[in-house]
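# Working through the structure, step by step
Here are the chains, one letter per residue:
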Amino acid sequence: MRGFEIVRPTTIERAIELLESGDPGVRPFSGGTAIMQMMKTGMFVPERLVSLAGLSKEHSAISVDGEGGMKIGAMATLSTLERNDLVQTCFPVLARTMKRLANVRVRNVATVGGALSHGDPHMDLPPVLAALDAIAILRGPSGSREVPVADLYTGYYETVLEPGELVAEVVIPPSDGASAIYRKTTSRTADDWPMVGVAASLRLSGSRISSARVIVSAATAKLQRITAAEDVLTGQGPSREVFADAARVASAHSDVIDDAHGSSVYKSALVEIEVRRGLRDAFEGETAE
Amino acid sequence: MMEKVNLDGAVVNRIRFKLNGREKNLDVASHENLVDLLVRLDHFSARESCGQGLCGCCTVLVDEIPVSACLTLAQLVDGSEVKTAEGLAPPGELDFVQRAFIEEGAFQCGFCTPGFVMMTHALLKETVDPSETEIREYLAGNLCRCAAYPEIIRAVKTAARNRPERTEKP
Ligand SMILES: Cc1cc2nc3c(=O)[nH]c(=O)nc-3n(C[C@H](O)[C@H](O)[C@H](O)COP(=O)(O)OP(=O)(O)OC[C@H]3O[C@@H](n4cnc5c(N)ncnc54)[C@H](O)[C@@H]3O)c2cc1C
Ligand code: FES
Ligand code: FES
């Protein structure tokens, strides 16, 4: 084959039509930062790339409703998340997370939709959105559906996305007083891919934890929401002991795998430490970063 | 419509874009990235080194935003404005960032320098007086094999001081 087709639809409906064939050589192309690597290594041999860069501005918009819920268009770049005033005010954890994700040039073009769809478990954005109870709005040939970000992944580089289906938007419910954090542990440089990613959120009602989220990623084959650890926390008063118990449970329930970043034994130990510190950070409200 | 094929037998599309202020109008193959295209146009300041977005040697500005040209499909710059180090000053002259890099001796082999210079331009456009931390964070995705980092950071500070709008205005 000498070359492939690059198309730039201007509406999401047309993009979906152009993707609909389900042919493995046909894929959406947003920032291109992940898909270019796959093309360069021959992991993906394109027949048609459907660039989403020509879609109207509404697909990269960020807005907040009266209750403090946020909508983020799939084509919003990671730099926009980093700098947007609404994001910084309503969900500062998102803006903070961007600072240590890749580099300025990658963030300038990489999109929220691409970061959610790629399916690499070593991604920083999905666990944070999952801890915020974010919902991905998917649009495809058979219409639109809502999937919690925590349920988007079925395995290593595997997602629930059907052929022709796009992540169109992300909706985050109002934080309602919850405090969320993300802790990224790298084994080489500070801005490397995470070896362990832990996102957590705590909501207090009086002196009790009324709801908790514990998400583990990077160390595992896919992002994992650890409800067993959340159950340890819910209804309890925050304390070092409770956080340590939850962290032990989180580590025991994480399906940690070996990879180039470290052995599973090492990473399991780190998951426990990072969940414990993450819960403390969420409770204390500010993170070290 | 009949597909057009180039001399290598690759299917091409015609694109128009501005390169350092000059209109370009030419056939581009689907697999070409922006470094390939620039080299074809005799622009050699953006170099493909890692090819993965990591090192910044291929940094160019597309519509004033710094990107890795190695991860940019050339056909997708259709309609955009691309700026490379060649376009910073008229031939034979240097602009204030380039001069700052020379003044501070911020390179040895120079391979990484155009990338750092373009990033510095972008940084100084966003932040008037970047702190040391801001400089380090912004340039963290640019690698210098000769490890001229301390001099590079000094050069950015010098450039910030010497920027034309600062020295020309009273
Ligand atoms: C040097 C470098 C360092 C990096 N370091 C980190 C890091 O530390 N942490 C981290 O989290 N990430 C890191 N990344 C990965 C980066 O976050 C992803 O490459 C990026 O988020 C993907 O977004 P994109 O818009 O470029 O996606 P693309 O490359 O355009 O697409 C990625 C995949 O998603 C599909 N896709 C794209 N958009 C949509 C959509 N709207 N709906 C459905 N499918 C879609 C594509 O078909 C493709 O399969 C790094 C990348 C690079 C190049
Ligand atoms: S060659 Fe493009 S970033 Fe290294
Ligand atoms: S001066 Fe040699 S790589 Fe930077």
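Chain B goes by Carbon-monoxide dehydrogenase small subunit in an unreviewed UniProt entry, where it is assigned to Roseovarius pacificus.

Chain A is annotated in an unreviewed UniProt entry as Carbon-monoxide dehydrogenase medium subunit of Roseovarius pacificus.

### Topic: the overall build of chain A
Of the regular secondary structure elements, chain A holds eleven helices and 14 strands. What you see for chain A is a C-alpha radius of gyration of 19 Å, in line with the 19 Å of a compact globule of 289 residues. C-alpha extents for chain A along the principal axes are approximately 60 × 45 × 35 Å. Restricting to contacts in chain A with at least 6 residues of sequence separation, those with at least 24 account for 59%. Just so you have it, chain A exposes about 12200 Å², and 49% of that area is on carbon and sulfur atoms.

### What about the overall build of chain B?
Counting its regular elements, chain B contains six helices and six strands. Moving toward the C terminus, one meets the helices and strands of chain B in the order β-β-β-α-β-β-β-α-α-α-α-α. Computed over C-alpha atoms, the radius of gyration of chain B comes to 17 Å, within 12% of the 15 Å expected from 2.2 N^0.38 for 170 residues, which places it in the range of a compact globule. For chain B, the C-alpha atoms occupy an extent of roughly 60 × 35 × 25 Å along the three principal directions. Every one of the 170 residues in chain B was classed for burial, and the buried ones make up 51%. When the accessible area of chain B is evaluated, it comes to approximately 8700 Å², of which 52% is carbon and sulfur surface.

### A look at the interface of chain A and chain B
Taken together, the contact pairs 23 residues of chain A with 33 residues of chain B. Buried area between chain A and chain B, summed over both chains or domains, comes out near 2100 Å², and the portion from carbon and sulfur atoms is 54%. Our enumeration of links across chain A and chain B arrives at two salt bridges. Here chain A and chain B share twelve residue pairs in polar contact (both at pLDDT 80 or more) between them. Examining the composition of the side of chain A that touches chain B, we find that five residues originate from one element, helix α6 (residues 104–109) of chain A, more than from any other.

### Quick notes on the pattern of salt bridges
Counted under the stated rule, the structure contains 26 salt bridges over all chains. D27 of chain B serves as the salt-bridge partner of K4 of chain B, at 2.6 Å between the closest nitrogen and oxygen. One end of the pair, K4 of chain B, is in strand β1 (residues 4–5); the other, D27 of chain B, is in strand β3 (residues 22–29), with 23 residues separating them in the sequence. Because the salt bridges share partners, they merge into one network encompassing R183, E274, R277, R280 and D281 of chain A.

### Observations concerning the sheet that holds strand β4 (residues 62–64) of chain A
Whether parallel or antiparallel, the strands of a sheet pair through hydrogen bonds between backbone atoms. All names here are of chain A. If you walk across this open sheet you meet the five strands as β4-β5-β10-β6-β7, and the pairing is antiparallel. Every interior strand has two partners, whereas the edge strands, β4 and β7 (143–148), have only one. In this sheet, adjacent strand axes meet at a mean angle of 20° when their direction is disregarded. Note that strand β5 (residues 70–73) and strand β10 (residues 166–172) share four bridges and pair antiparallel. From the neighbouring strand, I72 faces β10, where its bridge partner is V170. The sheet contacts of helix α1 (residues 12–19) involve β6 (135–140) and β10, and relative to β10 the element is tilted by about 135°.

### Some details on the side chain of T84 of chain B
Relative to the assigned elements, T84 of chain B resides in the loop between β6 (81–83) and α2 (96–103). Within the local environment of T84 of chain B, its side chain forms a polar contact with the side chain of E86 of chain B, the two groups lying 2.7 Å apart.

### Section: unusual backbone geometry
Look at A218 of chain A: it is not a glycine, yet its phi comes out positive at around 70°. Along the polypeptide, A218 of chain A turns up in the loop between β13 (208–217) and β14 (224–225).

### Regarding a nonpolar patch on the surface
Residue and element names in this part refer to chain B. Taken together, the side chains of L94, I102 and F107 make up a nonpolar region of the molecular surface, amounting to roughly 250 Å² of accessible area. Along the chain, L94 falls in the loop between β6 and α2. Judged by relative accessible area, L94 falls into the partly exposed class, the value being 39%.

### Points about the sheet that holds β13 of chain A
All names here are of chain A. Spatially, β11-β12-β13-β14 is the arrangement adopted by the four strands of the open sheet, whose pairing is antiparallel. Pairing within the sheet leaves two strands with one partner each, and these edge strands are β11 (179–185) and β14. Two strands pair when backbone bridges link them, and strand β12 (residues 196–205) and β13 are joined in this way by nine bridges, in the antiparallel orientation. Paired with L204 across the strands is I209, a residue of β13.

Calculation rules
Residues numbered from 1 in each chain as written. Chains lettered and ligands numbered in written order. Predicted model: local features only at pLDDT ≥ 70, side-chain atom pairs only at ≥ 80, totals over all residues. Heavy atoms only, no water. Helix = DSSP H or I, 4+ residues; strand = E, 2+ residues; numbered from the N terminus. Rg over C-alpha atoms; globule rule 2.2 N^0.38 Å. Contact = heavy atoms within 4.5 Å. Areas by Shrake-Rupley, 256 points an atom, 1.4 Å probe, with all protein chains shown as cover. Buried < 20%, exposed > 50% of the residue type's maximum accessible area, 1.4 Å probe, protein only. Buried area = accessible area lost by both parts, 1.4 Å probe. Salt bridge = Lys/Arg side-chain N within 4 Å of Asp/Glu carboxyl O. Polar contact = N/O pair within 3.5 Å; in protein donor to acceptor, adjacent residues only side chain to side chain. Pairing = 2+ DSSP bridges. Axes fitted to C-alpha atoms, helices over the stretch in contact; angles between N-to-C directions. Patch = residues over 30% accessible without salt bridge, like charges linked within 9 Å, V, L, I, M, F, W, Y side chains within 5 Å.

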